Amino acid sequence: MADKPKFAMYWAAACGGCDIALLGINEKILDFAEAFEPVFWPCVMDGKKSDIEGLADGALALTFFNGAIRTEEDEAMARLLRKKSAVFVAFGSCAVEGCMPGLSNLSSADDHLITVYLDNPSTTVTDPAVVPRLSTRVAEGELRLPGLYDTVRSVRQTVDIDYMIPGCPPEAHQLEAVMELFMGTSGLPEKGAVLGAGTRALCEECPRIRSWTGREQRRLRFRRLYEIIPDSTRCLIDQGIVCMGPATRGGCTALCPGANMPCIGCYGAPAGVADQGAAMLSALASITDAGSAGQPEEAMQREVEAAFEPIVDPVGTFYKFSLAHALLNRARPASPVTDEAADRKGKGRA
């Protein structure tokens, strides 16, 4: 046991799906346990931060870090584990590109606290209202909570990483290949490589048939999924359904289109694409037959708005997994101080 290389896995701002995904490789996890000694994995074993602090720098042979950087604690653990790890891997969409926690960049930390603790219809607001604060004095001493950041970042926007494994969560067959890579003797790929995924867009591995061949077959209006039962053999975009396949990295074997559901983009942008949402908007614009040469601009604008009107949540549709890494990145910060924000609501803080 003592001679095995040490392994760690940590869970920051995430749902826990990445930990489950790693265990989802079934009996292969036993092979991995033979090759590595897990020394820190809060989801499946007891472990303390002090255990990691006591290790020499680089003592962890391999660390998988899943989750986005949402709090001061997330950042502190990312920096600590990076320092102690020979190989540090951003594991899953939250670590690679912010994923759904990144959608909170549309609001501020104060806005979130007010919504959850003061304005939530299912919450009974006490008098005075209670909003969590960083420090609370009790009889036994001082209790502290990690600060909540206004802007969510990915781990690769926070510390130097060696590799990325995309996906929400990464698929088991891809993880098996990644684990065999780390357990093997053939050497690791170049630093910064994307592991466990393809390089081309998901459409390249989707078996659906794209049928439109000319302008007369282009969509004038997209549809929401509940409006139709899609043909299971034809391209979903051809049927007016927004499918993120053209702007999403392949590697999942097109599982969602295979179940007659559109791709939602969880593997992030393909190689060479800087902004997944912008790439998808460009793809849809190229097949949306709105406007024509010589048409008044106002009439053209109305046609464009009518075509895209069914997309009721553009940011949530095009940047569901990648807002933290998008050119947009976040909305302009508002309500800078929680106390002031609470006061504006006419409610005190405990």
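Refer to the structure presented above.
In this text the structure is predicted, and so the values were computed from the model without any measurement.

### Concerning the pairing of strand 3 (residues 60-66)
Among the seven residues that make up strand 3, six are buried, leaving the element largely enclosed by the rest of the structure. Across six bridges, the pairing between strand 1 (residues 6-11) and strand 3 is parallel. When the sheet's bridge partners are listed, Met9 is paired in strand 3 with Phe64. Relative to strand 5 (residues 88-91), strand 3 runs parallel, the two sharing three bridges. Residue pairing across strands places Phe64 opposite Val89, the latter belonging to strand 5.

### Let's talk about the nonpolar core
If you look at the biggest cluster of nonpolar residues, it comprises 30 residues, and the most contacted ones within it are Ile237, Val242, Met280, Leu284, Ile311 and Phe318. Among the elements that take part in this core, helix 9 (residues 276-287) stands out by supplying three residues, more than any other. With residues near it in sequence (within four places) discarded, Val242 still touches Phe222, Pro262, Cys263, Met280, Leu284, Ile311, Thr317 and Phe318.

### Points about the side chain of Asn66
Examined against the element boundaries, Asn66 turns out to sit in strand 3. Given the relative accessible area of 0%, Asn66 is considered buried. Side-chain polar atoms of Asn66 contact the side chain of Asp19, separated by 3.4 Å. Excluding its chain neighbours within four sequence positions, the residues that come into contact with Asn66 are Met9, Tyr10, Trp11, Ala12, Ala14, Cys18, Asp19, Phe91 and Ala95.

### Section: the packing of aromatic side chains
Evaluated as defined, the whole model comprises 11 aromatic pairs. On the basis of an interplanar angle of 85° and a centroid distance of 5.3 Å, the ring pair of Phe7 and Phe64 is categorised as edge-to-face. Of this pair, Phe7 sits in strand 1 while Phe64 is found in strand 3, placing the two residues 57 residues apart along the sequence. Overall, Phe64 belongs to the buried group, its relative accessible area being 0%.

### Details of the pairing of strand 6 (residues 135-138)
Pairing analysis gives four bridges linking strand 6 to strand 7 (residues 141-144), with the strands arranged antiparallel. In the sheet register, Thr136 faces strand 7, and the bridge partner there is Leu143. What sits between strand 6 and strand 7 in their antiparallel hairpin is a turn of two residues.

### Description of the pattern of salt bridges
Once their charged atoms are close, side chains differing in charge can pair, the charge on each being opposite to the other. Tallied over the entire structure, the rule returns 11 salt bridges. The partner of Glu180 in a salt bridge is Lys28, with the nearest N and O atoms 3.9 Å apart. Here the residue Glu180 occupies a position in helix 7 (residues 172-183), and Lys28 occupies one in helix 2 (residues 28-35), the gap between them amounting to 152 residues. Residue Arg200 pairs with Glu204 through a salt bridge whose shortest N-O separation is 3.8 Å.

Analysis parameters
- Residues numbered from 1 in each chain as written.
- Predicted model: local features only at pLDDT ≥ 70, side-chain atom pairs only at ≥ 80, totals over all residues.
- Heavy atoms only, no water.
- Buried < 20%, exposed > 50% of the residue type's maximum accessible area, 1.4 Å probe, protein only.
- Helix = DSSP H or I, 4+ residues; strand = E, 2+ residues; numbered from the N terminus.
- Pairing = 2+ DSSP bridges.
- Core = buried A, V, L, I, M, F, W, Y, C linked by side-chain atoms within 4.5 Å.
- Contact = heavy atoms within 4.5 Å.
- Polar contact = N/O pair within 3.5 Å; in protein donor to acceptor, adjacent residues only side chain to side chain.
- Phe/Tyr/Trp six-rings, centres within 6.5 Å; stacked < 30°, edge-to-face > 60°.
- Salt bridge = Lys/Arg side-chain N within 4 Å of Asp/Glu carboxyl O.

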